[in-house]
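Structural overview
This is what each chain is made of:
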4 protein chains.
Amino acid sequence: MLVVMHATATQGEIEIVCSVISDMGYSAVPMPGEQRTAIGVVGNDGRVDDTNVVGLPGVAQVIHVSKPYKQVSREWKAENTVVSIAPGVEFGGTNIVIVAGPCSVESEEQILASARAVRAAGGSALRGGAFKPRSSPYSFQGLGKRGLELLALAREETGLPIVTEAMDEAGAELVAEYADCIQIGARNMQNYSLLKAAGRLGKPVLLKRGMAATITDLLLSAEYIIAEGNSQVILCERGLRSFDTAARNMFDLNAVPIVQKLSHLPIVADPSHGTGRRDMVIPMTRAAIAAGADGILVELHPNPDRAKSDGAQSLYPEQFVKLMHEVRLIASAIGRGITPAVGTDAVESR
Amino acid sequence: MLVVMHATATQGEIEIVCSVISDMGYSAVPMPGEQRTAIGVVGNDGRVDDTNVVGLPGVAQVIHVSKPYKQVSREWKAENTVVSIAPGVEFGGTNIVIVAGPCSVESEEQILASARAVRAAGGSALRGGAFKPRSSPYSFQGLGKRGLELLALAREETGLPIVTEAMDEAGAELVAEYADCIQIGARNMQNYSLLKAAGRLGKPVLLKRGMAATITDLLLSAEYIIAEGNSQVILCERGLRSFDTAARNMFDLNAVPIVQKLSHLPIVADPSHGTGRRDMVIPMTRAAIAAGADGILVELHPNPDRAKSDGAQSLYPEQFVKLMHEVRLIASAIGRGITPAVGTDAVESR
Amino acid sequence: MLVVMHATATQGEIEIVCSVISDMGYSAVPMPGEQRTAIGVVGNDGRVDDTNVVGLPGVAQVIHVSKPYKQVSREWKAENTVVSIAPGVEFGGTNIVIVAGPCSVESEEQILASARAVRAAGGSALRGGAFKPRSSPYSFQGLGKRGLELLALAREETGLPIVTEAMDEAGAELVAEYADCIQIGARNMQNYSLLKAAGRLGKPVLLKRGMAATITDLLLSAEYIIAEGNSQVILCERGLRSFDTAARNMFDLNAVPIVQKLSHLPIVADPSHGTGRRDMVIPMTRAAIAAGADGILVELHPNPDRAKSDGAQSLYPEQFVKLMHEVRLIASAIGRGITPAVGTDAVESR
Amino acid sequence: MLVVMHATATQGEIEIVCSVISDMGYSAVPMPGEQRTAIGVVGNDGRVDDTNVVGLPGVAQVIHVSKPYKQVSREWKAENTVVSIAPGVEFGGTNIVIVAGPCSVESEEQILASARAVRAAGGSALRGGAFKPRSSPYSFQGLGKRGLELLALAREETGLPIVTEAMDEAGAELVAEYADCIQIGARNMQNYSLLKAAGRLGKPVLLKRGMAATITDLLLSAEYIIAEGNSQVILCERGLRSFDTAARNMFDLNAVPIVQKLSHLPIVADPSHGTGRRDMVIPMTRAAIAAGADGILVELHPNPDRAKSDGAQSLYPEQFVKLMHEVRLIASAIGRGITPAVGTDAVESR
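What you see is a predicted model; the values in this text were computed from it and never measured. (Residues numbered from 1 in each chain as written. Chains lettered and ligands numbered in written order. Predicted model: local features only at pLDDT ≥ 70, side-chain atom pairs only at ≥ 80, totals over all residues. Heavy atoms only, no water.)

**Some details on the relation of the copies chain B and chain A**
- For the pair chain B and chain A, the superposition axis carries a translation of 0.0 Å, the fit reaches an RMSD of 0.1 Å, and the rotation angle comes to 180°. The relationship between the two copies is best expressed as a two-fold rotation axis. The rotation axis passes nearest to the C-alpha of A212 of chain B in chain B, at a distance of 2.8 Å.
- Same-surface contact between copies: 100% of interface residues of chain B are shared with the interface of chain A. (Least-squares fit on C-alpha atoms with pLDDT ≥ 70 in both. Contact = heavy atoms within 4.5 Å.)

Below, the structure written as structure tokens:
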């Protein structure tokens, strides 16, 4: 931590800051400059709480050198964390995991048709919402528990593991009973009660970045889950709020290399919510793979024009087939592969 | 709703769109232009669900004319809603309500000293967090139930009604037992489970705008509460995420006149979180009053330099006294007054 | 300057950084911490160029303590700079200057009617564009030199000094011949050739903040003008690009107290461009005064419904009269006054 | 254009709007709804100027259906525009053009070493600034005309065509004498005098997107150039201002598919300025290619640690060699190629 004093700070003010730092158990290293004095704080094991310093007379600014998070950081753990949601379906290794499916579970017929299309094209997990956070209270809110049962049915038939969202503590327990990975949505990224609950359930958690969350915020929210003893966390970029209304969101692929530098956790990308436009999903999925994403969440619907939610961003099954083909080529160009579909072996799927 | 077709859309595509609109129970009014055809949708009572239209071939864009929210709008209810959290403490009338207190309840001594300072300077309600949403799991998270008890004690002594935050459903029930107004924080603005729970508790709710929430998002979240039968909702601007790091947040006072035009609900402003800097709190509080805010939430601490959270943005008690003086003059300049402190009469407090 | 090393940096890497700092003529103060080493740089007179350090092996981050600007800062000059554009029309003193007029000069009749309305209501300067930067090449681009002549005519009749925009170096010379203050628009805030040209002309310059400019950027652009020897610079907040489309821009009043803390230059606010909506101009003008702005630029048109540009944000003359009344009351509430109209004395105008 | 009336608009107000629309030469189609009336405007050839309508009594909102730009749009010209800056160096065709070089020209030795490294690794054009727009007036501003002469020397030796920036009208003329493509920087994207001047010089123009420019803004600025008779315009994404400080900018690859849908002009990406971090340049270059960019501008320096500007984002020559290899593989995965270096044939370069 570095305490920058005002140019007009008195010697007395500098001494008080040094003494408060000593009281906190650290050493203060004053560095008088031509313009102003800065005071280095040393001896701290991790980020110092600046509460008692920041408001002292003469203090212009407090600059933190240590990161505010801990267990999610690469400095805490240098090698990649690999999160497995089912045998052979691992995020964070060499292979890239393609998760696909409809925005929401609408009916048995729809979710089975979706799962078959995902399986047939070589996807390795099924997504689909049973509980849907919708901006408007009057929009379709999902089938709830019935949706979870239908997802389980689809898994039974196709072997695809399930990723689905929980919106509150009670929902998280229910989701954990049925699904292979609990998704926490962008709107709940800082719902700390939910993060803690998810951390205690012992299932892998897919944590989506909030619409205006910095990478630091995202990592701090992951830290909430890990602090409960669950390090099976997958991060997900899904588009930010932007001043440009050309697309629904601004899909921020920069998050991929930034997270990979700062953290050992896997990071995936969701180009469907990330862009909100079907015609952008294919190029931006390719870009996400090229940027180094450990997986992709993509919306596919057997009949997007009749979808109950987010139809405009869902791929047609035949588009998904084409996408899988391109994605394999790009993964291979950067020395990676695509996770083979469940029940196949690696050679067949490439 | 207006459906804009691509310049290259065929007559057949236009007819399909019209027929889908008819199937939905509305009338379609095609308007052929030089460049492209637009199709007006009439006969709708409120916002049309565009799911079935937006993905049809030839459709370039769907433009909504009706607002996505309903009961929060001025069109639904023309006159201001006045929300009373205690006898004489009303948001949305002529008088402006000043709510002050520490960021978090730290001890009996601290909250009583704060409450006395608020009361003495003429504030009319007490704020203070018992449950604190903090970005880091390692930061002080509040005293919980003990904090609520201390707030109740402070109310008993000073007569000031209490505004305090709830972070989840269980917490909301507890807060409702002790407090006069349940606050929902910016990070939980789209925690729909919490919004619904708060809506069912029958207490006034103060809903803070999320850090990247549009005004439409804020109003939709308020609609979640009202849709549960509780129209006692106070909206609150508390600063947005911004590209400029000169202040912690970008306090958006434009929200005040915009909300007042679109909605009948009262709107207050929180310059302490809005700016994050003590030296900006006073000018921006004055500005909020001048912009027309129905109330102010401001942080005050008996000893900001020793605060356990947000000390750098808390006012010293003597600054609050000065602020109350300026606030009265500005309110009067625009034909409003400041709510008199509890137990005093209006004449005395002006 | 503080150089933060990676946790994994070797002793050799630390020594190389120290030796490069020495070569630059400064002293290096290494501060080894539990997690990593930071190296303080002392002995610098102003901001250090970090080019040679930032890419060295082992360097994680370079943090600047000194500001990148110099002559615009309060540390360079503690007392307010007062910029006078005509006798008695001073920005940065106790009195607040109200500049009003149409978006663009359209005709002799229109500009004279505007100037008379400004004068009658007590405004103290006239604004109006002769050269108009428009997003589209097909929009009305202003009357050019003829517009300047009409502004001069209006000044002759009413005595109001003129503020008008220059878009390039040749235009700046022409504007300097006719106007009392050269405006540089938001889109040209980082047009450095224009800034330098304006700096050399010896006339007061009103510099508008760009739509995504940080306060630091704004101050650096002002530094370009001052570095040419012209310290007569007025800064202007006029709204930022935002993710919320409820208003055209996000008018950022936080700029007022932030600039006043960092710089000695006066800062004014333009609520007309800042919001783009006539119904927001009045509350946000009041808020700007309450926040401490040294002046206001506001659009007024004798017949806004027929304006060639920005009619939707221009006040009707009768609204301006009402605004002037409120503005006087708020200025008085914070111990300031409104600059009296030219040719009147202070007592009459209050 | 669609005029949305307030719910409370009277029949008389609706009629006045219709009559004003008729006066403008268009037809008005009123569509009465349950909540409010909307009035369609038909018969317009391109975007209607809404100035006379937007302020009329009863009007709530004016919605534009036509785009504000014209000649840059895909509707104006369906097939891709191919911009050639030298024989065989074409933007907008099947092949992708790699432009590389230092941020600024520093010396003969440095620019020749850079050009040789670019040529050797298979790049097909040289970038390098002679005129540098710098936020601070005290930063290195480029060698000016001498820099242009050195670029020409490097072209003579290596055969690489030159892309370099002009900052004002006089500079644009000078740049046009020496360079093969005139770059207009992000800060000058809305410097309309410069856009017009560049449009008149008859050389290809590379136009960078401003830091908070929407895609619409970018296309409108390109329209300024085309409106002068020059359709040889290459658009460039180079990073946006963002709330997250993890990288210098937020590189927005979504711009690539969005522009390609809306416009026939080629679009390239600059991951060096886009991210500002060397370790992000390689993954984000790969992502840009995968997203469909028609070219890449990348910074390379023979000795980045000694660069006079932007050293921290410049690649080492050996990194560029590796990047060229990956870029070829990804281009091939999506059915494209890399433009062969000048003087080689396509087979050799692949």
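After presenting the structure, the write-up continues.
**Brief notes about the sheet that holds strand β2 (residues 27–32) of chain C**
Residue and element names in this part refer to chain C.
- Spatial ordering of the open sheet is given by β2-β3-β1-β4, a layout of four strands whose pairing is antiparallel. Across the chains shown, the open sheet's two edge strands, defined by having one partner strand only, are β2 and β4 (59–63). Neighbour to neighbour, the strand axes of the sheet diverge by 20° on average, direction disregarded.
- Of the pairings in the sheet, the one linking strand β1 (residues 2–5) to strand β3 (residues 37–42) comprises three bridges and is antiparallel in character. Bridging from a neighbouring strand, V3 pairs with I39 of β3.
- Helix α1 (residues 11–23) contacts β1, β2, β3 and β4 of the sheet and is inclined by roughly 10° relative to β3. (Pairing = 2+ DSSP bridges. Helix = DSSP H or I, 4+ residues; strand = E, 2+ residues; numbered from the N terminus. Axes fitted to C-alpha atoms, helices over the stretch in contact; angles between N-to-C directions.)

**Things to note about the confidence of the model for chain A**
Residues and elements named next belong to chain A.
- When pLDDT is averaged along chain A, the result is 91, and 97% of the positions lie at 70 or above.
- Considering only residues more than four positions removed or in separate chains, one finds that residues 345–350, a stretch of pLDDT under 50, has eleven contacts.
- Both confidence scores are given for the complex: pTM 0.91, ipTM 0.90. (pLDDT = per-residue confidence, 0-100.)

**Structural notes on the pairing of strand β2 (residues 27–32) of chain D**
Residues and elements named next belong to chain D.
- Bridging between β2 and strand β3 (residues 37–42) involves six bridges; their strand directions are antiparallel. Opposite P30, over in β3, you have I39 as the bridge partner.
- Count of turn residues in the β2/β3 antiparallel hairpin: four residues.

**A word on the interface of chain B and chain A**
- With 42 residues of chain B at the interface, the matching set in chain A holds 42 residues.
- Between chain B and chain A lies a buried interface of about 3400 Å² when both sides are counted; carbon and sulfur atoms form 48% of it.
- Three residues, Y138, Y192 and R241 of chain B, lead the burial of chain B against chain A; their summed loss comes to 15% of the area buried on that side.
- At the junction of chain B and chain A, the tally comes to two salt bridges.
- A salt bridge links R241 of chain A to D217 of chain B; the nearest nitrogen and oxygen atoms lie 2.5 Å apart.
- Viewed at the interface, chain A and chain B are joined by 18 residue pairs in polar contact (both at pLDDT 80 or more).
- Of all elements in the fold, only α2 (51–54), α6 (192–200) and α7 (215–226) of chain B reach the threshold of two or more residues within the side of chain B that touches chain A.
- Tallying contributions element by element places α7 of chain B first for the side of chain B that touches chain A, with four residues. (Buried area = accessible area lost by both parts, 1.4 Å probe. Salt bridge = Lys/Arg side-chain N within 4 Å of Asp/Glu carboxyl O. Polar contact = N/O pair within 3.5 Å; in protein donor to acceptor, adjacent residues only side chain to side chain.)

**Quick word on the pattern of salt bridges**
- Under the definition given, this model contains 64 salt bridges over all chains.
- Linking R116 of chain A and E157 of chain A is a salt bridge whose minimum nitrogen-to-oxygen distance equals 2.7 Å. With R116 of chain A in helix α3 (residues 108–121) and E157 of chain A in helix α4 (residues 145–158), this residue pair connects regions lying 41 residues apart in the sequence.
- The partly exposed category is assigned to R116 of chain A, whose relative accessible area is 42%.
- For the salt bridge of K261 of chain C with D279 of chain B, the shortest nitrogen-to-oxygen distance reads 3.0 Å. Pair noted here: K261 of chain C is in helix α8 (residues 255–262) and D279 of chain B is in helix α10 (residues 278–291), and the two residues belong to different chains. (Buried < 20%, exposed > 50% of the residue type's maximum accessible area, 1.4 Å probe, protein only.)

**Some thoughts on the interface of chain A and chain D**
- In this complex, chain A contributes 34 residues to the contact, which on the side of chain D involves 34 residues.
- Both faces considered, chain A and chain D share a buried interface measuring about 2700 Å² in area, 68% of it formed by carbon and sulfur atoms.
- In this assembly, chain A and chain D are joined by four salt bridges.
- Broken down by secondary-structure element, the contributors of at least two residues to the side of chain A that touches chain D are α8 (255–262), α10 (278–291) and α11 (317–333) of chain A.
- Residue composition of the side of chain A that touches chain D, by class: 23 nonpolar, four polar and seven charged. (Nonpolar A, V, L, I, M, F, W, Y, C, P; charged D, E, K, R; others polar.)

**Here we look at the packing of aromatic side chains**
- For the structure shown, the criterion picks out four aromatic pairs over all chains.
- Here Y192 of chain A and Y224 of chain A contribute two aromatic rings whose centre-to-centre distance is 4.4 Å and whose plane-to-plane angle is 20°, an arrangement assigned as stacked. Residue Y192 of chain A is located in helix α6 (residues 192–200), and its partner Y224 of chain A is located in helix α7 (residues 215–226); the two are separated by 32 residues in the primary sequence. Just as Y192 of chain A is buried, Y224 of chain A falls in that class too.
- Across from the ring centre of Y138 of chain A, 5.9 Å away, lies the NZ or CZ of K70 of chain B, which sits over that ring. (Phe/Tyr/Trp six-rings, centres within 6.5 Å; stacked < 30°, edge-to-face > 60°. Lys NZ or Arg CZ within 6 Å of the ring centre and 35° of its normal.)

**Quick notes on the environment of G202 of chain C**
- Take G202 of chain C: it is sitting in the loop between α6 (192–200) and β11 (205–208).
- When the C-alpha atoms of G202 of chain C and N230 of chain C are compared, they prove to be 6.1 Å apart, with 28 residues separating the residues in sequence.

**A few points about the relation of the copies chain A and chain D**
- In the superposition of chain A on chain D (RMSD 0.1 Å, axial shift 0.0 Å), the rotation amounts to 180°.
- A symmetric contact is evident, with 100% of the interface residues of chain A recurring at the interface of chain D.

**Considering α6 of chain B**
All names here are of chain B.
- Across the nine residues of α6, seven count as buried, placing the element largely inside the fold.
- Among all positions of α6, only Y192, S193, L194, L195, A197, A198 and G199 are buried.
- Buried residues along α6 sit against α5 (169–178), β10 (181–184), β11 (205–208) and α7.
- Looking one or two residues past α6, G202 carries a phi angle of roughly 75°, positive in sign.

**Quick word on helix α1 (residues 11–23) of chain B**
All names here are of chain B.
- Taking 1.5 Å as the rise per residue, α1 with 13 residues should run 18 Å; its terminal C-alpha atoms sit 18 Å apart, in good agreement.
- Inspection of α1 places I14, V17, C18, V20 and I21 among the buried residues, and these make up the whole buried set. The buried side chains of α1 occupy one side of the element, clustering within an arc of 160° when seen end-on. For α1, exposure combined with an orientation more than 90 degrees from the buried face picks out Q11 and D23.
- In the core, the buried residues of α1 are packed alongside β1 (2–5), β2 (27–32), β3 (37–42), α2 and β4 (59–63).
- Following α1 by one or two positions, G25 has its phi on the positive side, about 95°. (Expected span 1.5 Å × (residues − 1). Arc of directions from axis to C-beta.)

**Re the environment of D310 of chain C**
All names here are of chain C.
- Tracing the chain through its elements places D310 in the loop between β14 (295–299) and α11 (317–333).
- Sequence separation of D310 and G123 is 187 residues, and the distance between their C-alpha atoms is 20 Å.
- Ignoring any residue separated from it by four or fewer positions in sequence, one finds D310 in contact with C103, R248, H273 and E299.

**Description of the packing of helix α4 (residues 145–158) of chain D against helix α5 (residues 169–178) of chain D**
Residues and elements named next belong to chain D.
- Where α4 meets α5, the closest approach of the two axes is 9 Å, and the angle between their N-to-C directions is 20°. Viewed along their axes, α4 and α5 adopt a mutual orientation that is roughly parallel. Considering the relative orientation of α4 and α5, their crossing is right-handed. Two secondary-structure elements touch here, α4 through K145, L148, E149, A152 and R155 and α5 through L174, V175 and Y178.
- Along the lines of polarity and charge, the residues of the contact of α4 with α5 split into five nonpolar, no polar and three charged. (Parallel < 35°, antiparallel > 145°, perpendicular 65-115°, else oblique. Left-handed = near helix turned anticlockwise from the far one by under 90°.)

**Quick word on the pairing of strand β9 (residues 162–165) of chain A**
Residues and elements named next belong to chain A.
- Covered by surrounding structure in β9 are I162 and T164 together with V163 and E165, the residues of both alternating faces.
- In this sheet, β9 lies alongside strand β8 (residues 125–127) in parallel orientation, the contact comprising two bridges. Paired with R127 across the two strands is V163, which belongs to β9.
- Alignment of β9 against strand β10 (residues 181–184), held across three bridges, turns out to be parallel. Among the inter-strand pairings, V163 is bridged to a residue of β10, identified as C181.
- The parallel pair β9 and β10, bridged by helix α5 (residues 169–178), forms a crossover whose chirality is right-handed. (Right-handed = clockwise from strand over helix to strand, strands pointing away.)

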